[in-house]
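# Structural features, examined
One-letter residues, chain by chain:
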Amino acid sequence: MTLVTRQEVLGLYRKIFRIAKKWQSASGQIEETIKEKEYIKNEAKTLFRKNKNVTDPKLIKQCIEECEARIEIGLHYNIPYPRPIHLPPMGLAHKQGRMLRHQEKLRKISKPIYLKSHDEVS
């Protein structure tokens, strides 16, 4: 990891914790605000620790883009949790075979960038 990339990653990590410190839930309830702040902190710790040994520059860039996207979406919608995606059900293919593999591949490709690491952690 280059020095610039390291600084960018550490800057994002600090930015997330500053956001968590000032976070207010949409409902305004104290319990919910505390729960959402903890979620933001725990999610950041989990994902950053999971990716700390990544050395491929393309993968690092992808992780940075995912982080920035999740920050922007969270701030815009005032929801710290990843937004759900609505993909067609897998009911069109048989339980095995090329059609099923093709549908699984299409679903994986169509997943938004801000959800790439979410399924792996939760």
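Residues numbered from 1 in each chain as written. Predicted model: local features only at pLDDT ≥ 70, side-chain atom pairs only at ≥ 80, totals over all residues. Heavy atoms only, no water.

- Going by an unreviewed UniProt entry, the protein chain carries the name LYRM1 protein and comes from Mesembrinibis cayennensis.
- Quoted verbatim from the Sequence similarities (unreviewed entry) field of UniProt, the annotation for the protein chain is "Belongs to the complex I LYR family." (UniProt positions renumbered as here; feature names shortened; annotations may be inferred.)

### Let's talk about the packing of helix α1 (residues 3–22) against helix α3 (residues 57–77)
- In contact at an axis separation of 11 Å, α1 and α3 are set at 20° when each is read in the N-to-C sense. On the basis of their axis angle, the class for α1 and α3 is roughly parallel. Taken as a pair, α1 and α3 cross one another with a handedness that is left-handed. Between α1 and α3, the residues in contact are Thr5, Glu8, Val9, Leu12, Lys15, Ile16 and Ile19 and Ile60, Ile64, Cys67, Glu68, Ile71, Glu72 and Leu75, respectively.
- In terms of residue class, the contact of α1 with α3 is made up of nine nonpolar, one polar and four charged. (Axes fitted to C-alpha atoms, helices over the stretch in contact; angles between N-to-C directions. Helix = DSSP H or I, 4+ residues; strand = E, 2+ residues; numbered from the N terminus. Parallel < 35°, antiparallel > 145°, perpendicular 65-115°, else oblique. Left-handed = near helix turned anticlockwise from the far one by under 90°. Contact = heavy atoms within 4.5 Å. Nonpolar A, V, L, I, M, F, W, Y, C, P; charged D, E, K, R; others polar.)

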